[in-house]
Amino acid sequence: MPQIKFYNRPAVPMEMHKVKIVQKLNLLPARQRLEKMKEAGFNTFLLHNGDIFMDMLTDSGVNAMSDNMQSAMLRADDAYAGSETFYRMRDKLEEIFGIGNLLPTHQGRACEHIIAQHFVKPGNCIIMNYHFTTSKAHVTRLGGHVEELIIDEGLVTKSDYPFKGNIDLEKVKACIAKEGAENIAYMRLEAGTNLIGGQPISYENMKAATDLARQHGILTVLDASLLQDNLHFIKTREESMKDKTIREITRMIADLYDIVYFSARKFGFGRGGGILVRDEKLFHDMEDYIPMFEGFLTYGGMSVKEMEALIIGFDETMDEDIISQGPIFINHCVTELDGMGVPMITPGGGLGAHIDARQVMEHLPQEQYPAGALVAALYLCGGIRGMERGTLSEERNPDGSEHFASVEMVRLAFPRRVFTLSQTEYVIDRVKWLYDHRHMIGGLRFVHEPKTLRFFTGKLEPVSDWPEKLLEAYIADFGEDQ
Ligand code: F0G
């Protein structure tokens, strides 16, 4: 269903669900937030959830379950081996994707671990439309390298291009010619391309890219973790697909790939993961990893209760009313802020609203982590937890120098079915306040820098006393209890 129309007021996004269970929120007084931020080493990953008002870090594992998902948990068949829940899950995925060979995993990066472990040899190239942090880390750990062949429009922050997640077919051809098809372990296309702002890839582009791969005998892999938003965008933005059902589109997409994997922390509103392998022999070859790294073949590290809920969640992902919610709320947030002059990644994608931190923080060099500083400031000024998606989230180059991100973003994730419109309005208001006070935000530097995935556990400090000064300006406007 499209957005609900209004009679006598401007239309606003409408929640297509009602609240049955709630969790009370806590807004710490402003100065206490500074103490918490210092304890967390200016890293929003290290904050305690109880100290956060609006947790927009991620949509991973924090999406609201439906009543039907919760009630399904009661029928979970707890068994180490041969759980009936597993077979129900496998059958549901086969119904949706047309592939019945399911390797269950505990989450998305476990799928990436196993796929990389099986296919990547030192020196191999892996073609991607764009990398995701964990998908790249698994490849480089094994001595492979990632070629990101996103279309140029994908990295243009302010744009109205409908499918910024598309891969550039000419760059793919050139890459195959340069690397040689035999050196390319696989082509991984990511639906709802996370690190460029949850931007979709079109069906047409997936079809052309996978055709190209197949012509050269290259294995094709879909990361379907963010497929649900991508499905909404294909249905609403791709002319040739608008009369197809979400189920039909999903099946057409799946048919293009040899392997489909997903994080069920996103796809299916629960927690878990899975790899669907088309080829029977390949499936059996990959099976060995599951008992070794994940759990027995019929649960793969997942709670059987979550699996039972996911079976319903997968069906809900095929419901247009449900999957349009995220993109509609995100679009509202992006459009409002863009209209107020705040540099946003446009058009609004899935997953969350993304602030173009490079533009907002023009006064800071990339060495001082502009997106990291902005996201820390947003917690100080509003209790909102976003996620840095810029240079901090990159790994250093082998020579130790910084690898500057092509896009510096602050991501404000919209976990599905979680936040209301008034909460969204609050976020819009605080982001605008911060934008108007952006010149008060200074840089950050590492005091503890892990070698791998440093953004998760690294600790930083401000380069000056800018947090104190910024907070005093905030208190002058809103009072110290907010
Ligand atoms: N692929 C994509 C596109 C993802 O967005 C994620 C996770 C993964 C794979 C890994 O899945 O977390 O279950 O191991 N994204 C989360 C996020 C972490 O916050 O965007 P996972």
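The preceding data block contains the structure.
Here the structure is a predicted model, which is why all the values come from computation and not from measurement.

(A) Structural view of the pattern of salt bridges. Throughout the structure, instances matching the rule amount to 37 salt bridges. A salt bridge links Arg188 to Glu190, with the nearest nitrogen and oxygen atoms 2.6 Å apart. Across the pair, Glu190 and Arg188 agree in class, each one buried. Each of the salt bridges in this network shares a partner with another, and the network as a whole consists of Asp59, Asp229, Lys266 and Arg416.

(B) Examining the site of the ligand more closely. The full set close to the ligand counts 17 residues, and Thr58, Arg109, Asp223, Ser263 and Arg411 are the nearest of them. In the environment of the ligand, a nitrogen atom lies 2.6 Å from a nitrogen or oxygen atom belonging to the side chain of Asp223. In this structure, Ser225 approaches the ligand through a side-chain N or O atom, which is 3.5 Å from a nitrogen atom. With the chains in place, 97% of the 470 Å² that the ligand exposes on its own is no longer accessible. Examining the composition of the shell around the ligand, we find that 3 residues originate from one element, helix 4 (residues 108–119), more than from any other. The residue makeup of the shell around the ligand, split by class, is 2 nonpolar, 8 polar and 7 charged.

(C) A look at the packing of aromatic side chains. Following the criterion strictly, the structure yields 18 aromatic pairs and no others. Centroid distance Phe45 to Phe455: 5.6 Å. Interplanar angle 55°. Geometry classified as tilted. Highlighted residues: Phe45 in the loop between helix 1 (30–39) and strand 1 (54–55) and Phe455 in helix 18 (residues 454–457), separated in sequence by 410 residues. Since its relative accessible area comes to 22%, Phe45 is described here as partly exposed. Counting every residue linked through ring pairs, the aromatic cluster contains Phe97, Phe262, Phe267 and Phe314. The ring of Phe478 carries the charged tip of Arg430 above its face, separated from the ring centre by 3.9 Å. A cation over an aromatic ring shows up here: Arg438 above the ring of Tyr435, its NZ or CZ 4.0 Å from the ring centre.

Parameters and conventions
Residues numbered from 1 in each chain as written. Predicted model: local features only at pLDDT ≥ 70, side-chain atom pairs only at ≥ 80, totals over all residues. Heavy atoms only, no water. Salt bridge = Lys/Arg side-chain N within 4 Å of Asp/Glu carboxyl O. Buried < 20%, exposed > 50% of the residue type's maximum accessible area, 1.4 Å probe, protein only. Near = heavy atom within 4 Å. Polar contact = N/O pair within 3.5 Å; in protein donor to acceptor, adjacent residues only side chain to side chain. Areas by Shrake-Rupley, 256 points an atom, 1.4 Å probe, with all protein chains shown as cover. Helix = DSSP H or I, 4+ residues; strand = E, 2+ residues; numbered from the N terminus. Nonpolar A, V, L, I, M, F, W, Y, C, P; charged D, E, K, R; others polar. Phe/Tyr/Trp six-rings, centres within 6.5 Å; stacked < 30°, edge-to-face > 60°. Lys NZ or Arg CZ within 6 Å of the ring centre and 35° of its normal.

Nothing here speaks to function; it is geometry throughout.
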